[in-house]
Amino acid sequence: MTYATYVYAVRRTGGPEIHSPGHDGGGPVRLLPLGSLTAVVQDVPAADFTEEALRERFTDHADLERCARTHHRVVSAAAAGAATVPLPLATLYANDVRTKVVLEEHAERLSEALHRVAGHVEWAVKVHRDGTLPLAEPDPAGSAQAVPARNEPVSGREYLARVRERRAGRERQQESALDAVDLVDRVVRTVAVAAVRRPLHGVELTGRERPQVMNGAYLVPRDDERLLAAALDSLRGDPRLTGFAIEASGPWVPYSFASFALTEVAGRDGAPA
């Protein structure tokens, strides 16, 4: 059987061994020295990670989730012992020699990423409407609701006044959401050293009563996590955020602040056909 080198992450040399199971059918997770850096790798069956094999496997939601969970588990184990830069899912090279050549070419950028996340963790902070405030009604103009019900006003003036009122209500809700996001972001940034904004989750994930208005990730010094908790508690009691709910989860490996820097590094150039 032909094997390829699967790369989970890169960290500084000198960290402890990693005792975490990797992908099924492969060898044990091991450390590959790269000078001052170390790659966290595993020998995996090359045939299971060709372009065609991955396309087929990742169309299966269960298989994709299993691969992603395995990748995350190994990265988390690596990060528990030293500052770690995660590489994207399914980063493979033909062998250890090729892995060393590619990663050592980018040693400076990898070192910069490690310096950026060393001693830090990632926290996710989300803001939702908490369902206590009614959502604005849809604009009736141009819809079936434009026809007044039998017991509704029928004068044009009253109808236009209702349309304006509903539009004003939507604008007030949008402004309140922007104000809430700005407040939460400003307070969390007093603790965090970096932040990124992620796409909002739709109502199919959050529920119609809890539309999401903010989905952020923050890089927080590990020693300041208590300060973050205190900042979030103060926000939850802030009357300016009445009608909104704040959720935080973490600490996580700082994917949002390390992985994105490796777009030129990650690849699958070596899995033999």
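Right above here is the structure, for reference.
**Focus: the pattern of salt bridges**
Here is step 1: Evaluated as defined, the whole model comprises 11 salt bridges.
Here is step 2: In this structure, R30 engages D43 in a salt bridge whose closest nitrogen and oxygen atoms are separated by 2.9 Å. Of this pair, R30 sits in strand β2 (residues 30-34) while D43 sits in strand β3 (residues 37-45); the two residues are 13 residues apart in sequence, bridging distant segments of the chain.
Here is step 3: Exposure remark for R30: the relative accessible area of 23% places this residue in the partly exposed category.
Here is step 4: In this structure D43 comes out as partly exposed when scored by relative accessible area, which is 27%.
Here is step 5: Between R57 and D63 there is a salt bridge whose closest N-O contact spans 3.4 Å.
Here is step 6: For D63, a relative accessible area of 12% corresponds to the buried category.
Here is step 7: It is possible to trace a salt-bridge network through shared partners that takes in R30, D43 and D96.

**Looking at the sheet that holds strand β7 (residues 194-197)**
Backbone-to-backbone hydrogen bonds pair the strands of a sheet. The strands run either parallel or antiparallel.
Here is step 1: Pairing within the open sheet is antiparallel, and its four strands lie in the order β7-β8-β6-β9. Here the strands that pair on one side only, and so sit at the sheet edges, are β7 and β9 (244-252). Averaged over neighbouring strand pairs, the angle between their axes works out to 20° when direction is ignored.
Here is step 2: Two elements, β7 and strand β8 (residues 212-221), share four bridges in a ladder whose sense is antiparallel. The residue of β8 that forms the bridge with R197 is G216.
Here is step 3: Lying on the sheet, helix α7 (residues 225-236) is in contact with β6 (120-129), β8 and β9; it crosses β9 at an angle near 170°.

**Quick notes on the side chain of D63**
Here is step 1: Considering the arrangement of structural elements, one finds D63 in helix α2 (residues 61-79).
Here is step 2: Looking at D63, its side chain comes within polar contact range of the side chain of R57, at 3.4 Å.

**Topic: the layout of surface pockets**
Here is step 1: Empty space within the largest pocket amounts to approximately 270 Å³.
Here is step 2: Contributing to the lining of the largest pocket are 18 residues, with A79, A80, V121, R222 and V253 lying nearest its centre.
Here is step 3: Those elements giving two or more residues to the lining of the largest pocket turn out to be α2, β6 and β9.
Here is step 4: In terms of residue count, α2 provides more of the lining of the largest pocket than any other element does, three residues in total.

Rules used in this analysis
- Residues numbered from 1 in each chain as written.
- Predicted model: local features only at pLDDT ≥ 70, side-chain atom pairs only at ≥ 80, totals over all residues.
- Heavy atoms only, no water.
- Salt bridge = Lys/Arg side-chain N within 4 Å of Asp/Glu carboxyl O.
- Helix = DSSP H or I, 4+ residues; strand = E, 2+ residues; numbered from the N terminus.
- Buried < 20%, exposed > 50% of the residue type's maximum accessible area, 1.4 Å probe, protein only.
- Pairing = 2+ DSSP bridges.
- Axes fitted to C-alpha atoms, helices over the stretch in contact; angles between N-to-C directions.
- Contact = heavy atoms within 4.5 Å.
- Polar contact = N/O pair within 3.5 Å; in protein donor to acceptor, adjacent residues only side chain to side chain.
- 1 Å grid on protein atoms, 1.4 Å probe; cavity = no way out; pocket = protein on both sides within 12 Å on 5 of 7 lines; lining within 4 Å.
- Points joined across faces, edges and corners; volume = space filled by probe spheres on them.

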